[in-house]
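# Structural description and commentary
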Amino acid sequence: MKIDGRCHCGYLTYEAEIDPAETGLCHCSDCQTLTGSAFSVVVPALPNTFRLLSGEPSLYFKIAESGNRRRQAFCPRCGTRLYSAPAEAKGYFGLRVGTITQREQLTPTAQFWRRSARDWVDHIGELTVFDKE
């Protein structure tokens, strides 16, 4: 599936191809901290299809639990996280689904780092719902 996306302010724009069936939730503690939330929703770009169309992201390098270095790309203007990728490898981009224009077509099919998941994530459907603030 061909997708396009952007950061919140529109400074960074991109396109890529993905397999929607690869959409997943990452519950790792790094994703919790980096998102300020309980998890990240991620889909990998198919190899060598990610293309930055505008802007230049800022990069932050973190060390994963495995010891691997990972680069986190975000907008230097609005702070939106666009992707993560291995620090030294080319071609793999874990895209943040919230930045994808076609995100309504992407439903997670797997959960990663489940051992770090917050206890309440299984009960989100039980919460009181407000359709607007």
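Preceding this section is the structure that the text describes.
All residue numbers refer to position in the chain's written sequence, counted from 1. Residues qualify for local features only when their pLDDT is at least 70, as the model is predicted, and side-chain atom pairs are given and counted only at 80 or more; totals for whole chains, interfaces and linings, by contrast, use all residues. No hydrogens and no water enter the side-chain calculation; it runs on all heavy atoms of the structure.

## Comments concerning the sheet that holds strand β5 (residues 51–54)
Cut-off, in case you're wondering: At least two DSSP bridges between two strands are needed for those strands to be called paired. Strands here mean DSSP runs of E at least two residues long; helices mean DSSP runs of H or I at least four residues long; both are numbered from the N terminus. Note on method: axes are straight lines fitted to C-alpha atoms, helices fitted across the in-contact stretch only, with angles between N-to-C directions ranging 0 to 180 degrees.
Read across the sheet, three strands follow the order β1-β2-β5 without closing on themselves; strand pairing throughout is antiparallel. Edge positions in the sheet fall to β1 (2–6) and β5, since each of these pairs with one other strand and no more. Strand-to-strand twist across the sheet, computed as the mean angle between neighbouring axes with direction ignored, equals 25°. Taken together, the three bridges between strand β2 (residues 13–17) and β5 define a ladder with antiparallel strand orientation. Bridge pairing in β5 links Y14 to L52.

## Points about the pairing of strand β7 (residues 69–74)
Two elements, strand β6 (residues 58–63) and β7, share six bridges in a ladder whose sense is antiparallel. Bridge pairing in β7 links L59 to A73. Of the pairings in the sheet, the one linking β7 to strand β8 (residues 81–86) comprises five bridges and is antiparallel in character. Each residue of the ladder has a partner; that of R71, found in β8, is A85. Connecting β7 to the antiparallel partner β8 that follows it, the hairpin turn spans six residues, and G79 within it adopts a positive phi of roughly 85°.

## Regarding the nonpolar core
Considering soluble globular proteins, one finds that nonpolar side chains tend to be buried as a cluster. Filter applied, for reference: Take the buried residues of types Ala, Val, Leu, Ile, Met, Phe, Trp, Tyr and Cys, join any two whose side-chain atoms come within 4.5 Å, and each joined set is a nonpolar core. Only protein chains enter the area calculation, which uses a 1.4 Å probe; residues under 20% of their type maximum are buried, those over 50% are exposed, and those in between are partly exposed. We call two residues in contact whenever any of their non-hydrogen atoms come within 4.5 Å of each other.
Counting residues in each nonpolar core, the largest one holds 19 residues, and the members touching the most others are F50, Y83 and L95. Excluding residues within four positions of it along the chain, Y83 makes contact with F50, P57, L59, R71, Q72, A73, F93, G94, L95 and R96.

## Details of the pattern of salt bridges
When the charged atoms of two side chains with opposite charge come close together, those side chains can pair. What counts here: Each reported salt bridge corresponds to a side-chain nitrogen of Lys or Arg within 4 Å of a carboxyl oxygen of Asp or Glu.
Within the structure shown, the criterion is met by five salt bridges. Between E15 and R51 there is a salt bridge; the shortest N-O distance is 2.8 Å. Residue E15 is located in strand β2, and its partner R51 is located in strand β5; the two are separated by 36 residues in the primary sequence. Two residues, D30 and K62, come together in a salt bridge whose shortest N-O distance is 2.7 Å. Linking D30 in helix α1 (residues 29–35) with K62 in strand β6, this pair joins segments that are 32 residues apart in sequence. The buried category is assigned to K62, whose relative accessible area is 12%. What you see here is one network of salt bridges that share partners, running through K2, E15 and R51.

## Details of the side chain of T99
Just so we agree on the cut-off: By the criterion applied in these results, polar contacts are pairs of N or O atoms within 3.5 Å in which, for protein atoms, one can donate a hydrogen and the other can accept it, and in which residues neighboring in sequence qualify only through two side-chain atoms.
Within the fold, T99 resides in the loop between β9 (94–96) and β10 (110–112). For T99, a relative accessible area of 7% puts it in the buried group. Reaching out from T99, the side chain makes a polar contact with the side chain of Y14 at a distance of 2.7 Å.

## Considerations on a nonpolar patch on the surface
This is how the line gets drawn: A patch consists of residues exposed above 30% relative accessible area that lack any salt bridge, with like charges linked at up to 9 Å and nonpolar side chains (Val, Leu, Ile, Met, Phe, Trp, Tyr) linked at up to 5 Å. The Shrake-Rupley method, run with a 1.4 Å probe sphere, supplies the accessible areas, and residue values consider only the shown protein chains as cover.
A contiguous nonpolar surface patch, about 320 Å² in accessible area, is contributed by W120, I124 and L127. Relative to the elements of secondary structure, L127 occurs in the segment after β10.

## Considering the packing of aromatic side chains
Keep this limit in mind: Pairing of aromatic side chains here covers Phe, Tyr and the six-membered ring of Trp, requires ring centres within 6.5 Å, and sorts the geometry by plane angle: under 30 degrees stacked, over 60 edge-to-face, intermediate tilted.
The final tally for this structure, using the stated rule, is four aromatic pairs. For the pair F50 and Y83, a centre-to-centre distance of 5.2 Å together with 65° between the ring planes defines the contact as edge-to-face. In this pair, F50 sits in the loop between β4 (40–44) and β5 while Y83 sits in strand β8, placing the two residues 33 residues apart along the sequence. For the pair formed by F50 and Y83, the shared burial category is buried. Ring geometry for Y83 versus F93: centroids 4.8 Å apart, planes at 85°, classification edge-to-face. Residue Y83 is located in strand β8, and its partner F93 is located in the loop between β8 and β9; the two are separated by 10 residues in the primary sequence. Of the two residues, Y83 and F93, both sit in the buried class. Among the aromatic residues, those joined into a ring-pair cluster are Y14, F50, Y83 and F93.

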